[in-house]
Amino acid sequence: MDNGDKNNYFNENNEIKPTDYNKTVYVERYNRHRGPNKRRGLFSYFLVALIAALIGGLISAYIAPTYLYGNIIPVPEIYQGNGGNNQQINITTKDDITAVTAVAKKAMESVVGITTVQTVDYFFWGPRKEQGVGSGVIVDSKGYILTNSHVVADGEADRITVLFANGTKKEGRVLWNDPALDLAIVKVNATNLPVADLGNSDNLQVGELAVAIGNPLGLEFQRTVTSGVISGLNRTIRVDANNVIEDLIQTDASINPGNSGGPLLNSNGEVIGINTAKIQSAEGLGFAIPINTAKPIIEQVIEKGRFKTVYIGIAAVEVEKYESALGIDLKADEGVIIIEVSPNSPADYAGIRPGDIVTKLNGEKVISMNHLRRMLYEYRPGDKATLEIVRNGKTMEVEITFRESPDNY
């Protein structure tokens, strides 16, 4: 420091002048007080910070709330329960079980295992006995069980055995089945069986809970519970070359071979669908038939011992298949072309002719014959409907009155 600088800082008595540089001098003196040549290591700073944090945490978490707040210093708002706009959420647990556990607990006893023996005739090796396994759900205490048609070999099984939750077995027989719907009703000789509650599949929403119960991969894993959500509604899948199933429920709950015929349940433990298929090339893509499709069938089978659909009285084939087989172009993009009309049938009385193309039933598009058969489940004998047909390239409507299908139809 030269004399010029010294005169700026000191008076004639060699004392520090009261100037704005005092703060700078204080800092410099503070540094000199620690010693100009000593430096602390990083560990020292870390250790000091750690001890300070521990002491601060102890004071704020225990000492302050216990001894200081309300005695020496005011209680902060956060401890008074009115901390600003924060909304307090209270969860009251009435039972220490999850929703999935509750659903399984409610529905488990109504789920059955189904094993079948079927004779299959192989061309080169002759007839062979084959075993099948699936699931079902009890829908009436007097022994009525709902399952898939394919579980009971589409009604062709030689023997059907039903295994109940208590370990007992009963022989079953098919009262009704329809491969187009992939549904069947099996009857066993039993009473006072535990019955599943049937829900309303029309009220389903994507994202809600779905629980599947069944026998994946055989009876060794019987009554396996899997859960997921409703992933989609009104899905359509092709199960084989000749059958497309529509209006299905899609779920990511695991559905494996053997789960077929078992129930898909909602959060109330109600059956909302019957598990039917899984996309083998992807995970989390299972499908179930809506329970509302089966309800009128169940009611009639229990009441009358059988179920009869109404019928139109036609033999028909899909437009696309007809065009492909004959190499022609029909004047319709979709629908079914009528090959034959049964005498004295509803179609005959309505004036429908071979060569007509049925495109709609009461305003709903007709995609295939299986689709048309499924649509007929919504009607009863005596009901009227409007068929939209294409005849000689012109679109027209005809009214038809349905009748119960005959025994030989």
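Residues numbered from 1 in each chain as written. Predicted model: local features only at pLDDT ≥ 70, side-chain atom pairs only at ≥ 80, totals over all residues. Heavy atoms only, no water.

All right, on to the pairing of strand 3 (residues 144-147) then. Both faces of strand 3 are covered, namely the face carrying Tyr 144 and Leu 146 and the face carrying Ile 145 and Thr 147. Pairing of strand 2 (residues 126-140) with strand 3 involves three bridges; the strand directions are antiparallel. Paired with Val 137 across the bridge in strand 3 is Leu 146. Hairpin connection from strand 2 to strand 3: three residues lie between these consecutive antiparallel strands, with Gly 143 at a positive phi of about 100°. The pairing of strand 3 with strand 6 (residues 183-188) spans four bridges and is antiparallel. Looking at strand 6, one finds that Ile 145 is bridged to Val 186. (Buried < 20%, exposed > 50% of the residue type's maximum accessible area, 1.4 Å probe, protein only. Helix = DSSP H or I, 4+ residues; strand = E, 2+ residues; numbered from the N terminus. Pairing = 2+ DSSP bridges.)

For the rest of this paragraph, the subject is the nonpolar core. Note on soluble globular proteins: their nonpolar side chains tend to be buried together. Leu 146, Trp 176, Leu 183, Ile 185 and Ile 297 are the most contacted members of the largest nonpolar core, which totals 30 residues. Sorting elements by how many residues they give to this core places helix 6 (residues 291-304) first, with five residues. With residues near it in sequence (within four places) discarded, Trp 176 still touches Leu 181, Leu 183, Ala 184, Ile 185, Ile 297, Val 301, Phe 307 and Tyr 377. Counting 23 residues, the second largest nonpolar core, distinct from the first, contains Val 358, Met 369, Leu 372 and Met 375. (Core = buried A, V, L, I, M, F, W, Y, C linked by side-chain atoms within 4.5 Å. Contact = heavy atoms within 4.5 Å.)

The next subject is unusual backbone geometry. The phi angle at Asn 362 is positive, at roughly 50°, despite the residue not being glycine. Note that Asn 362 resides in the loop between strand 16 (357-361) and strand 17 (364-365). We note that Asn 392 has phi near 55°; this positive angle belongs to a residue other than glycine.

With that out of the way, let us pick up the packing of aromatic side chains. Applying the stated criterion across every chain yields a total of four aromatic pairs. When the centroid spacing of 6.0 Å and the interplanar angle of 80° are considered together, the rings of Trp 176 and Phe 307 count as edge-to-face. Of this pair, Trp 176 sits in strand 5 (residues 169-178) while Phe 307 sits in the loop between helix 6 and strand 13 (310-311); the two residues are 131 residues apart in sequence, bridging distant segments of the chain. Taking the centre distance of 5.0 Å and the plane angle of 45° together, the rings of Tyr 379 and Phe 402 count as tilted. Placement of the pair is Tyr 379 in the loop between helix 9 (369-375) and strand 18 (384-391) and Phe 402 in the loop between strand 19 (394-401) and strand 20 (403-404), with a sequence separation of 23 residues. Classification of Tyr 379 as buried rests on a relative accessible area of 13%. Among the aromatic residues, those joined into a ring-pair cluster are Trp 176, Phe 307 and Tyr 377. The ring of Tyr 144 is capped by Lys 187, whose NZ or CZ atom sits 5.3 Å from the centre of that ring. (Phe/Tyr/Trp six-rings, centres within 6.5 Å; stacked < 30°, edge-to-face > 60°. Lys NZ or Arg CZ within 6 Å of the ring centre and 35° of its normal.)

On to the environment of Asp 158. Within the element layout of this structure, Asp 158 appears in the loop between strand 3 and strand 4 (159-163). Taking the relative accessible area as the measure of exposure, Asp 158 reaches 45% and is therefore partly exposed. As a C-alpha pair, Asp 158 and Glu 130 span 28 residues in sequence and 9.8 Å in three-dimensional space. The contacts of Asp 158, once residues within four sequence positions are left out, are Val 117, Gln 118, Thr 119 and Lys 129.

As a further point, take the pattern of salt bridges. Counted according to the given criterion, the structure contains six salt bridges. Between Lys 106 and Asp 197 there is a salt bridge, and its shortest N-O distance comes to 3.1 Å. Placement of the pair is Lys 106 in helix 5 (residues 99-107) and Asp 197 in the loop between strand 6 and strand 7 (209-214), with a sequence separation of 91 residues. Judged by relative accessible area, Lys 106 falls into the partly exposed class, the value being 45%. (Salt bridge = Lys/Arg side-chain N within 4 Å of Asp/Glu carboxyl O.)

With that settled, the discussion passes to the sheet that holds strand 6. The strand order 1-2-3-6-5-4 describes a closed barrel built from six strands, whose pairing is antiparallel. Going across the sheet, the axis of each strand differs from the next one's by a mean of 40°, ignoring polarity. Pairing of strand 1 (residues 111-122) with strand 2 involves 12 bridges; the strand directions are antiparallel. Its bridge partner lying in strand 2, Thr 119 is registered against Lys 129. (Axes fitted to C-alpha atoms, helices over the stretch in contact; angles between N-to-C directions.)

This brings us to helix 6. The first and last C-alpha atoms of helix 6 sit 20 Å apart over 14 residues, in line with the 20 Å expected at 1.5 Å per residue. Every buried residue of helix 6 is listed here: Ile 291, Ala 294, Ile 297, Ile 298, Gln 300 and Val 301. Phi turns positive one or two residues past the end of helix 6, at Gly 305, with a value near 80°. (Expected span 1.5 Å × (residues − 1).)

Read these as layout, nothing more, since geometry by itself doesn't imply function.
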